[in-house]
Amino acid sequence: MTFPTARSISFSRRFLPVLAAGAILSACNFTTGATVGEGIGYREARFAEISAMRAYRDCVDEAVELDAQARKEGSAARYLASARLIEKCESELAAGPARAGEDERLRAYALGIQNFFKGGDVARAQENLAKLEKSFPGKDLLLADGSSFLDTMSVLLGKADRSSVGQFSVANVGTDLKSELRRVRYWKKN
C-alpha cells in the first residue's frame, strides 16, 4: 500500500478543480438557440402576443361575469351586454395571437352567440354563428348533454329546417330540444 506523496496531492489540488470546471463548462450550451433574424424582434413580438392574450382573457372574464349575473337575474339586457363584450374582446384581439388561444376563443364566441339568442337578438346570433363556422372550420363544441353546439344552435336559430322530424334524428341535438320541437310541430298541425 502506497501513500500519496505531498507532490501528488498538490498536483491534484491544483488541476482537479480546473479539470472539473472544464468538464462543467463544456457541458453548457452557450448558444441561445436563436437563429439569424430571431433576436430582440422575436421577443418583442412574443411579448406583444402574450400581452394581447392576457388582455383578451381579462375581457372575456368580465363578459363571463356578466353572463353569470344575467343567469341569476334572468336579465335579457345583461345577456346582450355579455355578448357584445365578447364581440368587442374578439375584435380587439390582433391577428397574430388569434391562433394562440383558438379553443378558448371558440368557447367564448359560442357563449356570445348563446347570449345573443338568450337576449333576444336572433339576427345577431345567426350572423355570429356563420362567423364562427367560417373562423373555426371543422370545429365544434359539445354541450353538457353531449349534443353538438353547432347543430343545436342551427336548429334553434332556424338555420336548419325545424319541421323535418327525421332531421332531428341525425342532428346531434339534445333530447329535450328534440322533444320540444316535436311537440311544437304536433300542436301546429293539430
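Going by the structure above, here's the rest.
Residues numbered from 1 in each chain as written. Predicted model: local features only at pLDDT ≥ 70, side-chain atom pairs only at ≥ 80, totals over all residues. Heavy atoms only, no water.

S.K.: Please clarify how the overall build of the protein chain should be interpreted in this entry.
M.R.: Regarding its fold elements, the protein chain presents eight helices and zero strands. Listed N to C, the secondary structure of the protein chain is α-α-α-α-α-α-α-α in terms of helices and strands. Residues classed as buried in the protein chain amount to 29% of the 190 residues present. Residue pairs in contact within the protein chain that sit at least 24 positions apart in sequence constitute 52% of those at least 6 positions apart. Surface exposure of the protein chain reaches about 12,800 Å², of which carbon and sulfur atoms provide 57%. (Helix = DSSP H or I, 4+ residues; strand = E, 2+ residues; numbered from the N terminus. Buried < 20%, exposed > 50% of the residue type's maximum accessible area, 1.4 Å probe, protein only. Contact = heavy atoms within 4.5 Å. Areas by Shrake-Rupley, 256 points an atom, 1.4 Å probe, with all protein chains shown as cover.)

S.K.: Help me understand the pattern of salt bridges in this model?
M.R.: Pairing is possible between side chains that carry opposite charge, provided their charged atoms lie close to one another. In this structure the tally under the stated criterion is 10 salt bridges. As a salt-bridge pair, K88 and E92 come within 3.9 Å of each other at their nearest N and O atoms. Remark: E92 and K88 occur in helix α3 (residues 76–92); sequence separation between them is four residues, near one turn of the helix. Looking at E92, the relative accessible area reads 55%, which means it is exposed. (Salt bridge = Lys/Arg side-chain N within 4 Å of Asp/Glu carboxyl O.)

S.K.: Just checking my understanding: could you explain helix α2 (residues 40–73) for this structure?
M.R.: A turn of α-helix holds 3.6 residues, and therefore any two residues three or four places apart point the same way. Given a rise of 1.5 Å per residue, 34 residues ought to cover 50 Å, and the 50 Å separating the end C-alpha atoms of α2 matches this to within 8%. Contact partners of the buried residues in α2: α3 and α4 (102–119). Following α2 by one or two positions, G74 has its phi on the positive side, about 70°. (Expected span 1.5 Å × (residues − 1).)

S.K.: Would you mind showing me how to read the state of the cysteines here?
M.R.: What we call a disulfide is simply a covalent bond connecting the sulfur atoms of a pair of cysteines. Overall, the coordinates contain one disulfide when judged by the stated rule. The residue that forms a disulfide with C59 is C89, at a sulfur-sulfur distance of 1.8 Å. Here the disulfide of C59 and C89 is left-handed, its torsion about the S-S bond being about -85°. Taken together, the residues C59 in helix α2 and C89 in helix α3 connect sequence positions 30 residues apart. For C59, a relative accessible area of 14% translates into the label buried. C89 gets classed as buried once you look at its relative accessible area, which sits at 3%. (Disulfide = S-S within 2.5 Å.)

S.K.: Is there a simple way to explain the layout of surface pockets in this structure?
M.R.: Empty pockets left among the atoms are what a rolling probe the size of a water molecule brings to light. Estimated volume of the largest pocket: approximately 250 Å³. Around the largest pocket, the lining residues are Q114, F117, K118, L143, D145, S147, F149, T152, M153, L156, G174 and L177. Looking at the lining of the largest pocket, the elements with two or more residues in it are α4 and α6 (149–156). Top element by residues in the lining of the largest pocket is α6. It accounts for four residues. (1 Å grid on protein atoms, 1.4 Å probe; cavity = no way out; pocket = protein on both sides within 12 Å on 5 of 7 lines; lining within 4 Å. Points joined across faces, edges and corners; volume = space filled by probe spheres on them.)

S.K.: I'm lost on a negative patch on the surface in this one. Help?
M.R.: A cluster of acidic residues, D58, D61, E62 and E65, forms a negative patch at the surface. By secondary structure assignment, the location of D61 is in helix α2. (Patch = residues over 30% accessible without salt bridge, like charges linked within 9 Å, V, L, I, M, F, W, Y side chains within 5 Å. Lys, Arg positive; Asp, Glu negative; His and termini not counted. Charge placed at Lys NZ, Arg CZ, Asp CG, Glu CD.)

S.K.: Explain the side chain of S148 here, please?
M.R.: Within the fold, S148 resides in the loop between α5 (122–135) and α6. A relative accessible area of 3% places S148 in the buried class.

S.K.: Honestly, the packing of α2 against α4 in this entry has me stumped. Any pointers?
M.R.: A packed helix pair is summarised by two numbers, namely the angle formed by the two axes and the spacing between the axes. It is the contact of α2 with α4, at a shortest axis distance of 11 Å, that shows an interaxial angle of 30°. With respect to the hand of their crossing, α2 and α4 are arranged in left-handed fashion. Residues M53, Y56, R57, V60, V64 and D67 of α2 form the contact with α4, whose participating residues are E104, R105, A108, L111 and N115. Taken together, the residues of the contact of α2 with α4 sort by class into six nonpolar, one polar and four charged. (Axes fitted to C-alpha atoms, helices over the stretch in contact; angles between N-to-C directions. Left-handed = near helix turned anticlockwise from the far one by under 90°. Nonpolar A, V, L, I, M, F, W, Y, C, P; charged D, E, K, R; others polar.)

S.K.: Looking at this structure, I do not really get the nonpolar core. What am I missing?
M.R.: Among the nonpolar cores identified, the biggest contains 15 residues, and I113, L129, L132, F149, M153 and L157 are the most heavily contacted of them. Sorting the residues of this core by element identifies α3, α4, α5 and α6 as the ones contributing at least two each. In this view, I113 contacts A125, N128, L129, L132, F149, M153 and L157; residues no more than four positions away in its chain are not counted. (Core = buried A, V, L, I, M, F, W, Y, C linked by side-chain atoms within 4.5 Å.)

Everything listed here is a matter of coordinates, which is why it stays silent on function.
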